[in-house]
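Here is what each chain is made of, one letter per residue.
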Amino acid sequence: MSDRKKVLITGCSRGIGFEIARLFLKEKWHVTGTAKKSEFPGALKQSEFFEGIHVDLEDISSLKKTLHTVITQKKPDVLVNNAGIFTDADFESDDESWLDVWDKTMTVNLKSAALLSKWFLQSRLDLNSDGIIINIASRASYRGDTQEYAAYAASKAGMVALTKSMARDFSKRGIVAYSIAPGFIETDMARHAVETHGKDYITRDSVFDEITQPVEVAELVMFLASGKVPHASGQTFHINGGSYML
């Protein structure tokens, strides 16, 4: 039987999630990753220790059919809630469309992560075994965002509160939880922003003249997944180029 540890990562077909998945594979973990529709990169698919699952995190019934099974049968040691959406909803828009964005954002970014965490916690408790939950939040959790992305900021702030709540009750039972709050990271979304606004606009609040690379977030996730800092449970780790300091 393989002694490789197992991790479930949501949203790993690109960006931060892809770098997280690639690093876990490099460190010899079994990786189960999700995407909504996009294909998984060859760097992941070529590994015999990677399994990709297409699932819409907005569809709770689909989650129950797919990822509940993954958690109860594969019994991952670590859960990384990374997937999220970033959709604008201007306060001047009509109520119906505005609330539609809020409902979808909350379901994908927060409700699905909470449900996966619930299943993960129960699985580890049933095994009487330690476990680690790592939630990818955002600097917007703390400093907010522009008004049209208030739903995103609120969902990520909720993720931080979820992390703290789980840590308070379950750390003494061996299941720890952490949040990571990235700032602007060089992903597809960032590249679009650079093309629209220019690099200087994106880095104007940073203490660096460059955009943070997703591999830095992956390295932080990997460190937390190592289990070396259990007494940091409930804490948020900020990685935002110094654009927002606590």
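Structure: above.
These numbers were taken from a predicted model, which means no experiment stands behind them.

1. Here we look at the overall build of the protein
Thought 1: A tally of helices and strands in the protein yields 9 helices and 7 strands.
Thought 2: Its C-alpha radius of gyration of 17 Å places the protein within 12% of the 18 Å reference for a compact globule of 246 residues.
Thought 3: Sequence-distant contacts in the protein: of pairs separated by 6 or more residues, those separated by 24 or more amount to 68%.
Thought 4: Of the roughly 12700 Å² of accessible surface on the protein, 49% is carried by carbon and sulfur atoms.
Thought 5: A distance of 9 Å separates the average location of the 29 positive side-chain charges in the protein from that of its 32 negative side-chain charges.

2. Comments concerning the packing of helix α4 (residues 95-127) against helix α6 (residues 150-170)
Thought 1: At a minimum axis distance of 8 Å, the contact between α4 and α6 shows a crossing angle of 15°. The angle between the axes of α4 and α6 places the two elements in the roughly parallel class. As for the relative orientation of α4 and α6, their crossing is right-handed in sense. Counted together, Trp-102, Thr-105, Met-106, Asn-109, Leu-110, Ala-113, Ala-114, Ser-117, Leu-121 and Leu-125 of α4 and Ala-150, Ala-151, Tyr-152, Ala-154, Ser-155, Lys-156, Gly-158, Met-159, Leu-162, Met-166 and Phe-170 of α6 form the full contact between these two elements.
Thought 2: Considered class by class, the residues forming the contact of α4 with α6 number 15 nonpolar, 5 polar and 1 charged.

3. Digging into the packing of aromatic side chains
Thought 1: Counted under the stated rule, the structure contains 7 aromatic pairs.
Thought 2: Summarising the aromatic geometry, the rings of Phe-86 and Tyr-149 are spaced 4.0 Å apart at their centres and angled 5° between planes, so their arrangement reads as stacked. Of this pair, Phe-86 sits in the loop between β4 (78-81) and α4 while Tyr-149 sits in the loop between α5 (140-143) and α6, and the two are 63 residues apart along the sequence.
Thought 3: Plain terms: the ring middles of Trp-98 and Trp-102 are 5.2 Å apart, the flat faces sit at 40° to each other, and that makes the pair tilted. Taken together, the positions of Trp-98 and Trp-102, both in helix α4 and 4 residues apart, correspond to about one turn of that helix.
Thought 4: Lying over the aromatic face of Phe-49, Arg-4 brings its terminal NZ or CZ to 3.4 Å of the ring centre.

4. Notes on the nonpolar core
Thought 1: Core analysis: the largest hydrophobic core is formed by 34 residues, its most contacted members being Phe-24, Val-80 and Ile-134.
Thought 2: Secondary-structure elements contributing two or more residues to this core are β1 (6-9), α1 (15-26), β2 (30-35), β4, β5 (131-136), β6 (175-182) and α9 (214-225).
Thought 3: Excluding residues that lie within four positions of it along the chain, Phe-24 makes contacts with Val-7, Ile-9, Trp-29, Val-31, Val-80, Val-221, Met-222 and Ala-225.
Thought 4: Grouped together as the second largest cluster of nonpolar side chains are 27 residues, Leu-63, Val-108, Leu-116 and Met-159 included.

5. Some words on the pattern of salt bridges
Thought 1: All told, the structure shown has 4 salt bridges when counted by the stated rule.
Thought 2: Residue Arg-22 is joined to Glu-19 by a salt bridge in which the shortest nitrogen-to-oxygen separation is 2.9 Å. You can see Arg-22 and its partner Glu-19 sitting in helix α1, 3 residues apart, about one turn around the helix.
Thought 3: Across the pair Glu-39 and Lys-45 runs a salt bridge whose closest N-O atoms are separated by 3.9 Å.
Thought 4: Owing to a relative accessible area of 56%, Glu-39 belongs among the exposed residues under this scheme.

Reading guide: rules and limits
- Residues numbered from 1 in each chain as written.
- Predicted model: local features only at pLDDT ≥ 70, side-chain atom pairs only at ≥ 80, totals over all residues.
- Heavy atoms only, no water.
- Helix = DSSP H or I, 4+ residues; strand = E, 2+ residues; numbered from the N terminus.
- Rg over C-alpha atoms; globule rule 2.2 N^0.38 Å.
- Contact = heavy atoms within 4.5 Å.
- Areas by Shrake-Rupley, 256 points an atom, 1.4 Å probe, with all protein chains shown as cover.
- Lys, Arg positive; Asp, Glu negative; His and termini not counted.
- Charge placed at Lys NZ, Arg CZ, Asp CG, Glu CD.
- Axes fitted to C-alpha atoms, helices over the stretch in contact; angles between N-to-C directions.
- Parallel < 35°, antiparallel > 145°, perpendicular 65-115°, else oblique.
- Left-handed = near helix turned anticlockwise from the far one by under 90°.
- Nonpolar A, V, L, I, M, F, W, Y, C, P; charged D, E, K, R; others polar.
- Phe/Tyr/Trp six-rings, centres within 6.5 Å; stacked < 30°, edge-to-face > 60°.
- Lys NZ or Arg CZ within 6 Å of the ring centre and 35° of its normal.
- Core = buried A, V, L, I, M, F, W, Y, C linked by side-chain atoms within 4.5 Å.
- Buried < 20%, exposed > 50% of the residue type's maximum accessible area, 1.4 Å probe, protein only.
- Salt bridge = Lys/Arg side-chain N within 4 Å of Asp/Glu carboxyl O.

Any functional reading would require information that these geometric values do not contain.
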